[in-house]
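Analysis of the macromolecular model
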Amino acid sequence: MVEFQLPKLITRVRFPSLAPFLMVVLLAPGCAVVQSPSDEPIALPPRQDQPKPPAPQKGIYHKVGKGETIWRIANAYHVKIDDIIKINNIPNVAHIEENQLLFIPGAGSSVAVPVDEPIPQEKDFIWPLQGRVLFYFGDRKGSYLSKGIGIEAAEGQDVAAARSGRVVFSDFLGGYGHMVILDHLDGFLSIYSQNQESLVKVGDRVSQGQPISRVGKNGGNSFLHFEIRKNASADNPMYYLPRE
């Protein structure tokens, strides 16, 4: 038997250093440049996740006059109230102030906002009663957020319809007291709860300012919980009610 022993083969392979490839020397908006071994910059394509700067918004500034509400201004300029609220970052608890500037998106020229006449095919909301606002839309009430405002009033005080409409609910509801809901037949509902008693029944047609209930008491306080619903969604009543 003859044994053969193969020689050991040792192969050495040299790789160029990868460090230069991993050094990012410039990261500008929209592109990055990486240093190559030959020191020649390589431009990478623009990143697709970089948001483009917003285009300038077309519109004008409107100076708020006495008695104007956001709702009236929106109707006068034929824009959505939500668009005015969002672009001006109007907080939930704020009334707009006289001489305040509001940006009106899409508007090309200033228009007059009537305050002494009804909005065409609409009617302004009025305060269902006068009193101090105890809590606002979006305030936390225990484990939930308020969908309306609480208006302090004397127990037994009359509550008026904020707009003309038809009664679609009038009954006692646990946690809400006696509650009245008016349908204004244009996508808006107004809700009046924490009442001592209701003065109307389902199916009744009521006029703006007509007494529909009496203020009740809850937790030692007497107040009205008032909501406005637009297309079934709770909206901030302060955007619709005139400044006291």
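Structural notes, computed from the coordinates. Because the structure is predicted, anything quoted here is derived from the model rather than measured. (Residues numbered from 1 in each chain as written. Predicted model: local features only at pLDDT ≥ 70, side-chain atom pairs only at ≥ 80, totals over all residues. Heavy atoms only, no water.)

**Observations concerning the side chain of K230**
- Considering the arrangement of structural elements, one finds K230 in strand β16 (residues 221-230).
- Not counting the four nearest positions on each side in its chain, K230 is found in contact with I81, D82, G187, F188, D235 and Y240. (Helix = DSSP H or I, 4+ residues; strand = E, 2+ residues; numbered from the N terminus. Contact = heavy atoms within 4.5 Å.)

**So, the pairing of strand β4 (residues 59-63)**
- Of the two faces of β4, only the one carrying I60 and H62 is buried; G59, Y61 and K63 on the other face are not.
- With five bridges joining them, β4 and strand β5 (residues 101-105) adopt antiparallel strand pairing. Bridged to K63 within β5 is L101. (Buried < 20%, exposed > 50% of the residue type's maximum accessible area, 1.4 Å probe, protein only. Pairing = 2+ DSSP bridges.)

**Concerning the environment of H178**
- Here H178 lies in strand β12 (residues 177-183).
- Classification of H178 as partly exposed rests on a relative accessible area of 26%.
- The spatial distance from the C-alpha of H178 to the C-alpha of S198 is 6.2 Å, given a sequence separation of 20 residues.
- Excluding residues that lie within four positions of it along the chain, H178 makes contacts with D171, F172, Y192, S193, Q194, N195, Q196, E197 and S198.

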